[in-house]
Every structure is written in structure tokens, then in C-alpha cells.
Amino acid sequence: MTQQQYNIAFIILSVLVFILSMGVGFFYIKLKQETKKRIAEHDKMEAREKERQAFVRDSLITIARAFVQKQCEASEACIRLRMLIDRVDFVENEEYPIIFSMYEEIKHFPTHQARKELSKQERFSQDKERFAIEDKHMDNLTIECNKLITNLMVN
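Only a predicted model underlies this, so the values are computations on that prediction, with no experimental measurement involved.

A. Spatial organisation of the packing of helix 1 (residues 3-68) against helix 5 (residues 120-154). Remark: helix 1 packs on helix 5, axes separated minimally by 9 Å, with the N-to-C direction vectors making an angle of 145°. Between helix 1 and helix 5 lies a crossing of left-handed hand. Across the interface between the two elements, Arg57, Leu60, Ile61, Ala64, Arg65, Phe67 and Val68 of helix 1 pack against Met138, Leu141, Thr142, Cys145, Asn146, Leu148, Ile149, Leu152 and Met153 of helix 5.

Put into C-alpha cells, the structure is as follows:
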């Protein structure tokens, strides 16, 4: 191989290395942009989740306070609390057994339009049954709601 052939091979290899390094640089820049984008999306999702959890926390406190202050019926509070507790991981179900057991006893009662479609006698009969369930759990439900309020205010 002559000197001229070495020079040509060196130039070709240099151009190839340059082209490959440009390609690697381009992909590195793209990767960096994609990483920044994903981090921003992740941060946005975390912020939304924190907002959702704060909203649920505030809702739990509001509903529990409304029940303790006798501003809503026990069955309504129980249903709403149970649904909200199931949506978060910062409240342990085992800490509030009365809410969950009472919910199991009242969940079969129709609500909204289905309740309106019942006859007056059927509604009266169901209300009587529901009030008996509420009376049975009233004291313990009040204790659990106060406990829930305290735990959520502390954490």
C-alpha cells in the first residue's frame, strides 16, 4: 500500500468517524429531549395525583365533620366515606371497620331515581330498615368519624 492509499483510507475513515459521531450526537440530543419531556410528564402526573389526594382528604374530613355535626345522615356519610377511602392509600380500611360493615348492610338500598320509583310504602319500609341500621352503628360511627378527622388532620 502506498502513502497515497493510506492518505485516502485515512480520509475515508475520518469522514466515517465524523458522520458516525454526528449521528450519535443527534441521537444523544433527541434522547436528552425525550428524557426531559418524560420527567416533565411524570412531575405533572405526580402533581395531579397530589391534588387528587388533597381533594379526597378534604372531602373525607368534610363528610366526617358533617356527620358528626348531624348535618347529614349516617347512611349517606357511610356510603360516601367508604367510596372515598377505597380510592386512596393513605387511609387503611382496617382502621374503620364500622364504616365498611355498615356499608355492607345498606348498599342494597336503591338510591336516586331507583328510590323515587319505589312506592311510598316501599320507601317507608326501607327507611325504617335503614334507620334501624343507622341506630345500631350510630355511636361507633361517630367515634370512627372523629378518629378519621383526627388522623387526616395530623397527617
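B. Quick peek at the packing of aromatic side chains. Counted according to the given criterion, the structure contains one aromatic pair. Note on Phe26 and Phe27: the rings are 5.5 Å apart at their centroids and 70° apart in plane angle, and the pair reads as edge-to-face. Relative accessible area serves as the criterion here: at 48%, Phe26 is assigned to the partly exposed category. Here the guanidinium or amino end of Arg57 rests over the ring plane of Phe90, the centre of that ring lying 4.2 Å away. It is Lys147 that lies over the ring of Tyr96; its NZ or CZ is 5.4 Å from the centre.

C. Local environment of a nonpolar patch on the surface. Taken together, Phe10, Ile11, Val15, Phe18, Ile19 and Met22 make up a surface patch of nonpolar side chains, about 660 Å² in accessible area. Within the element layout of this structure, Met22 appears in helix 1.

D. Structural view of the side chain of Glu144. The topology assignment puts Glu144 in helix 5. Of the side chains with opposite charge, Lys147 comes closest to the buried, unpaired Glu144, at an N-O distance of 6.5 Å. Those residues in contact with Glu144 that lie beyond four places of it in its chain are Glu95, Tyr96, Pro97, Ile98 and Ile99.

E. How the structure looks around helix 2 (residues 74-85). Between its first and last C-alpha atoms helix 2 spans 16 Å; for twelve residues at 1.5 Å apiece the expected length is 16 Å, and the two agree. For helix 2, the full list of buried residues reads Ala74, Ser75, Ala77, Cys78, Leu81, Arg82, Leu84 and Ile85. Turning to helix 2, the residues buried within the fold contact helix 1, helix 3 (97-106) and helix 5.

F. Structural context of unusual backbone geometry. The backbone phi angle of Lys70 is positive, close to 60°, even though this residue is not glycine. Within the secondary structure layout, Lys70 lies in the loop between helix 1 and helix 2. Taking relative accessible area as the criterion, Lys70 reaches 62% and is therefore assigned exposed. Notably, His112 is not glycine yet its phi reads approximately 55°, a positive angle. Relative to the helices and strands, His112 resides in helix 4 (residues 112-116). A relative accessible area of 67% means that His112 is categorised as exposed.

G. Geometry of the environment of Glu49. By the secondary structure assignment, Glu49 is in helix 1. On the basis of relative accessible area, Glu49 is assigned to the partly exposed category, the value being 30%. Placed 52 residues apart in sequence, Glu49 and Ser101 show a C-alpha to C-alpha distance of 29 Å.

H. Seen up close, the nonpolar core. Ranked by internal contacts, the top residues of the largest apolar core, which has 30 residues, are Leu60, Leu81, Val91, Ile99, Leu141 and Leu148. When contributions to this core are tallied by element, the ones reaching two or more residues are helix 1, helix 2, helix 3 and helix 5. Broken down by element, the residue count for this core peaks at seven residues, all from helix 1. Apart from the residues within four sequence positions on either side, Leu141 is in contact with Phe67, Ala74, Ile98, Ile99 and Met102.

Thresholds, definitions, all that
Residues numbered from 1 in each chain as written. Predicted model: local features only at pLDDT ≥ 70, side-chain atom pairs only at ≥ 80, totals over all residues. Heavy atoms only, no water. Axes fitted to C-alpha atoms, helices over the stretch in contact; angles between N-to-C directions. Helix = DSSP H or I, 4+ residues; strand = E, 2+ residues; numbered from the N terminus. Left-handed = near helix turned anticlockwise from the far one by under 90°. Contact = heavy atoms within 4.5 Å. Phe/Tyr/Trp six-rings, centres within 6.5 Å; stacked < 30°, edge-to-face > 60°. Buried < 20%, exposed > 50% of the residue type's maximum accessible area, 1.4 Å probe, protein only. Lys NZ or Arg CZ within 6 Å of the ring centre and 35° of its normal. Patch = residues over 30% accessible without salt bridge, like charges linked within 9 Å, V, L, I, M, F, W, Y side chains within 5 Å. Areas by Shrake-Rupley, 256 points an atom, 1.4 Å probe, with all protein chains shown as cover. Salt bridge = Lys/Arg side-chain N within 4 Å of Asp/Glu carboxyl O. Lys, Arg positive; Asp, Glu negative; His and termini not counted. Expected span 1.5 Å × (residues − 1). Core = buried A, V, L, I, M, F, W, Y, C linked by side-chain atoms within 4.5 Å.

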